[in-house]
Amino acid sequence: MRVKFKILNPKHQTVVAVARFVAATFIFFCAQNSFALTGEEIMRRVDANMTYGTSRFESRMVINVDGELRTKNMVSYSRGRDTSYSEFTYPPRDKGVKYLKIENNMWMYLPSVDKVIKISGSMLRQSMMGSDFSYEDAMESNRLLDKYSARLVRSETVPVTFRAAGDPVTRQRDCYVVELEAKVKDVTYYKRLTWIDKELLVPVREDLFAMSGKLLKTMTLGDVRSFGSRNFPTYMKMVNHLRRNSFTEMHIEKIAFDIYVPDSVFSQSALTK
Amino acid sequence: MSSGAFALSVNGYYENDLVIINKPSGGANPGDLNKLRLKLDLNISESLAAHIEPRYYFFIRDDNLPVAGATGLDELALDSAYIKYYGAANVTLGKQRIAWGTGYIWNPTDIFNPFVLSFAVNNDEEVNVKAARIEVPLGMTGILDGYVVPEEDRGFSRKGIRAKTNIGLFDVSASIAAPEPDRTLYGVDFAGDVLGFGVIGEAALNTRTSSSGYVQAVIGGDYTLDNGINIQAQYYYNEPGKTSKADYDWAALYAGNISQLAKSYIFVGFSKIIDELAAVKLSTIINLDDQSFMLYPAYTRSIAQYVDLSLEAMITGGTEGSEFKPGTIDPTGFGGSNMLLCRVIYNF
């Protein structure tokens, strides 16, 4: 948008001065309001930005152990915050393995036995498809406020990568640092420290702690892309600090939001299809 | 989810199993089993697909070495071949896998694979059957599943129907099957979550017109410790089994009419993912009536994007004449053997 500047007469200058005052006051109150945001409000805004009616992702997961790489590809569909379906398409060994998540339930389909297996209890803590992500990490992407109380700890500037139409660009971004502390006992991570980009309202980093205070995992997010008025990180890196020299990267290569997805996709019968 | 477009995909694997069996009578018998399995999937349309799975086994062996899934020295077989229609109900016709139940080792409601050493046997070695099957979705988490395995003599056709749904954190199912002309099997099973423990249960009441009925049931749970070690335990109750090894029906076992000799068994498994590429597992089955056991340690590692290696061992123990140490009762002489296995699989 091109802005035109004009030389103004004194009357106009008074109007401009008043306008500036009003604008400055507005910005001040906005800033005050922003500063007064609670941890819970920030998390709700993030949730509103990150939750879509439906979505479809094509992702590439790269597991890195001491420089040895294993790649897995998958296609995922989701609806709202609690329903998702994923199918592994590569490598051949994992092709056809599918996952269905509906609210607090998760099922896995193994094509070699043509059987749907319920993943429950502490099995959710186990590694998902040999990666640094656990089943629980995949399930706990939302509804964190049901299990955690949120507190704004501080603001901090951290590097975040962005990807438009080319190579990723790293920029320093102002972030809220929100501490999430468990309200219930049945959680793997007793405390989570989350960095939220103030402007884009996306998480860019998360440290996950055990009850003892030990740092278990660190997740870094980046390659933030804009979709309409909203923003979404298309890169995730999970480092499991309990394992040496290992991390898993997730690259979302194709993404579509608010598309038509038949109800039948989110059903157990779709797993055997 | 089927893509809908006409497409053929060819996958499969080549597997080499180098096995050494140590017989109770002494000595080591080596064998080398080569397996080539193709998995051909043909998407004919949005609602029609076909799957064909031929396998070729080439076995270089010493003596009559018994290895699961290998029945001949040079064998080509069609493990599964079916067409599947997807619609308001899914219909599958042909040789296929029908796997019911929630147990890991014992599945009393599954008439085709009621007992599988799942920690030792490749899933592809399980029994497939020529059947007509229909699966009707009942909402998002429910399904009505029925099959018929036809026989020339219609009276010997096997059939079953099962209804499955989800209640809270539990999947629950009820089933009825007719595995034999005079036997009816009433089954229930569940899988869910109690206080962070994964729990499963499966029970079958078998009734016969000619004799009294009996119950087979399995119950178990699993838990993953903070250090990542997963512990899984399942108890199996087999009412027709015997509590004394002197009463065991060995003839029925070797004829394949029964899967277990005793009344009570327990399975305990420990597994730990070392890193994203390697894992260790220790599994054991104990016959609680004669205290014989099978111990199965295994180490698996992904050695390349398409190649997996596993080193496994089977160690048996017990007194002479017990289930896992049958001694001279076993006509093959291999019962109660110990085994070492090195398995390399190339997936494509």
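Residues numbered from 1 in each chain as written. Chains lettered and ligands numbered in written order. Predicted model: local features only at pLDDT ≥ 70, side-chain atom pairs only at ≥ 80, totals over all residues. Heavy atoms only, no water.

Colleague: Please provide a residue-by-residue account of the overall build of chain A, values included.
Modeller: Along its length, chain A carries 5 helices and 13 strands. Every one of the 273 residues in chain A was classed for burial, and the buried ones make up 49%. Long-range contacts, defined here as pairs at least 24 residues apart, represent 48% of the contacts in chain A between residues at least 6 apart. On chain A, roughly 14,000 Å² of surface is accessible, and the fraction owed to carbon and sulfur atoms is 55%. (Helix = DSSP H or I, 4+ residues; strand = E, 2+ residues; numbered from the N terminus. Buried < 20%, exposed > 50% of the residue type's maximum accessible area, 1.4 Å probe, protein only. Contact = heavy atoms within 4.5 Å. Areas by Shrake-Rupley, 256 points an atom, 1.4 Å probe, with all protein chains shown as cover.)

Colleague: Got a sec to walk through the overall build of chain B? Specific residues and values, please.
Modeller: Of the regular secondary structure elements, chain B holds 1 helix and 18 strands. On C-alpha atoms alone, chain B measures out to a radius of gyration of 21 Å, which is about the 20 Å that the 2.2 N^0.38 rule sets for 348 residues. The C-alpha extent of chain B, read off along each of the three principal axes, is 60 × 50 × 50 Å. Among the 348 residues that make up chain B, the fraction classed as buried is 47%. Look at the contacts in chain B between residues 6 or more apart in sequence, and 49% of them connect residues 24 or more apart. Surface accessibility of chain B: about 15,700 Å² in total, with carbon and sulfur atoms responsible for 64%. Once the 26 positive and 40 negative side-chain charges of chain B are each reduced to a mean point, those two points are 2 Å apart. (Rg over C-alpha atoms; globule rule 2.2 N^0.38 Å. Lys, Arg positive; Asp, Glu negative; His and termini not counted. Charge placed at Lys NZ, Arg CZ, Asp CG, Glu CD.)

Colleague: Requested: an account of the pattern of salt bridges, with residues and values cited.
Modeller: Residues and elements named next belong to chain B. A full pass over the atoms with the stated rule returns 40 salt bridges over all chains. A salt bridge links Arg343 to Glu312; its shortest N-O distance comes to 3.7 Å. With Arg343 in strand S18 (residues 338–347) and Glu312 in strand S17 (residues 307–317), this residue pair connects regions lying 31 residues apart in the sequence. Here the salt bridges share partners, and the residues they tie into one network are Arg37, Lys39, Glu53, Arg55, Glu75, Asp79 and Asp124. (Salt bridge = Lys/Arg side-chain N within 4 Å of Asp/Glu carboxyl O.)

Colleague: Describe the interface of chain A and chain B, listing the residues and the values that go with them.
Modeller: Contact with chain A, which involves 46 residues of that partner, is made by 55 residues of chain B. Roughly 4,100 Å² of surface becomes buried between chain A and chain B when both sides are summed, with 48% attributable to carbon and sulfur atoms. Connecting chain A to chain B are 3 salt bridges. Every element with two or more residues in the side of chain A that touches chain B is listed here: strand S1 (54–65), strand S2 (68–79), strand S3 (83–90), strand S4 (98–102), strand S5 (105–110), strand S6 (115–119) and helix H5 (268–271) of chain A. No other element matches S2(A), which puts 6 residues into the side of chain A that touches chain B. Residues that form the side of chain A that touches chain B fall into these classes: 15 nonpolar, 17 polar and 14 charged. (Buried area = accessible area lost by both parts, 1.4 Å probe. Nonpolar A, V, L, I, M, F, W, Y, C, P; charged D, E, K, R; others polar.)

Colleague: Explain the pairing of strand S12 (residues 214–224) of chain B residue by residue, including any values.
Modeller: All names here are of chain B. Here S12 shows one buried face, formed by Tyr214, Gln216, Val218, Gly220, Asp222 and Thr224, and one open face, formed by Val215, Ala217, Ile219, Gly221 and Tyr223. Note: strand S11 (residues 197–208) against S12, 9 bridges, orientation antiparallel. Along S12, the bridge assignment pairs Leu205 with Val215. Hairpin connection, S11 to S12: the antiparallel pair is bridged by 5 residues. Bridge analysis of S12 against strand S13 (residues 230–238) gives 9 bridges, and the strand direction is antiparallel. Residue pairing across strands places Tyr223 opposite Ile231, the latter belonging to S13. (Pairing = 2+ DSSP bridges.)

Colleague: Before we move on, could you go through the packing of aromatic side chains and cite the residues and values that matter?
Modeller: Throughout the structure, instances matching the rule amount to 25 aromatic pairs over all chains. Plain terms: the ring middles of Tyr52(A) and Phe257(A) are 3.6 Å apart, the flat faces sit at 15 degrees to each other, and that makes the pair stacked. Remark: Phe257(A) occurs in strand S13 (residues 246–257) and Tyr52(A) occurs in the loop between helix H2 (39–50) and S1; sequence separation between them is 205 residues. By relative accessible area, which is 15% here, Phe257(A) ends up buried. Between Trp250(B) and Tyr254(B), the ring centres sit 5.9 Å apart and the planes meet at 20 degrees, which makes this aromatic pair stacked. Highlighted residues: Trp250(B) and Tyr254(B), both in helix H1 (residues 250–254), separated by 4 residues, approximately one helical turn. Among the residues examined, Trp250(B) registers a relative accessible area of 11% and is labelled buried. Among the aromatic residues, ring-to-ring pairing joins Tyr52(A), Phe57(A), Phe227(A), Phe232(A) and Phe257(A) into one connected group. The aromatic ring of Trp195(A) is capped on one face by Arg205(A), whose charged end is 4.6 Å from the ring centroid. (Phe/Tyr/Trp six-rings, centres within 6.5 Å; stacked < 30°, edge-to-face > 60°. Lys NZ or Arg CZ within 6 Å of the ring centre and 35° of its normal.)

Colleague: For the nonpolar core, give the residues involved together with the corresponding values.
Modeller: Counting residues in hydrophobic clusters, the biggest one holds 23 residues, and the most contacted among them are Trp106(B), Phe119(B), Tyr265(B), Ile285(B), Tyr296(B) and Met339(B). Mapped by element, the contributors of at least two residues to this core are strand S1 (7–22), strand S14 (264–273), strand S16 (293–304) and S18 of chain B. Beyond its immediate stretch of four places on either side in the chain, Ile285(B) contacts Ile105(B), Trp106(B), Leu117(B), Phe119(B), Tyr265(B), Ile266(B), Phe267(B), Ser292(B), Phe293(B), Met294(B) and Phe324(B). Counting 22 residues, the second-largest nonpolar core is a separate cluster that includes Ile42(A), Leu180(A), Leu201(A) and Leu216(A). (Core = buried A, V, L, I, M, F, W, Y, C linked by side-chain atoms within 4.5 Å.)

Colleague: Break down the side chain of Gln268(A) for me, with residues and values.
Modeller: Positionally, Gln268(A) belongs in helix H5. Owing to a relative accessible area of 4%, Gln268(A) belongs among the buried residues under this scheme. For Gln268(A), the side chain forms a polar contact with the side chain of Lys164(B), separated by 3.1 Å. Setting aside anything within four residues of it in sequence, one finds Gln268(A) in contact with Leu100(A), Trp107(A), Val116(A), Met140(B), Thr141(B), Lys164(B) and Asp171(B). (Polar contact = N/O pair within 3.5 Å; in protein donor to acceptor, adjacent residues only side chain to side chain.)

Colleague: I'd love a proper account of the confidence of the model for chain B, names of residues and values included.
Modeller: For chain B, the average pLDDT comes to 91, and 95% of its residues sit at 70 or higher. Prediction confidence for the complex, expressed as pTM and ipTM, is 0.86 and 0.89 respectively. (pLDDT = per-residue confidence, 0-100.)

Colleague: Describe unusual backbone geometry, and please don't skip the residues or the numbers.
Modeller: Tyr90(A) connects to Pro91(A) through a cis peptide bond whose omega is 0 degrees. When you line up the elements, Pro91(A) lands in the loop between S3 and S4. If you check the backbone angles, Asp114(A) has positive phi at about 50 degrees while not being a glycine. Looking at where Asp114(A) falls in the secondary structure, it is placed in the loop between S5 and S6. With a phi angle near 50 degrees, Leu195(B) is a residue other than glycine that sits in the positive phi range.

Colleague: Residues and numbers for the pairing of S1(A), please.
Modeller: Residues and elements named next belong to chain A. Where burial is concerned, most of S1 is hidden: 9 out of the 12 residues are buried. Adjacent in sequence and paired antiparallel, S1 and S2 are bridged by 2 residues, among which Asp66 carries a positive phi angle near 50 degrees. Two strands pair when backbone bridges link them, and S1 and S13 are joined in this way by 11 bridges, in the antiparallel orientation. Across the sheet, residue Glu58 finds its bridge partner in S13, namely Lys254.

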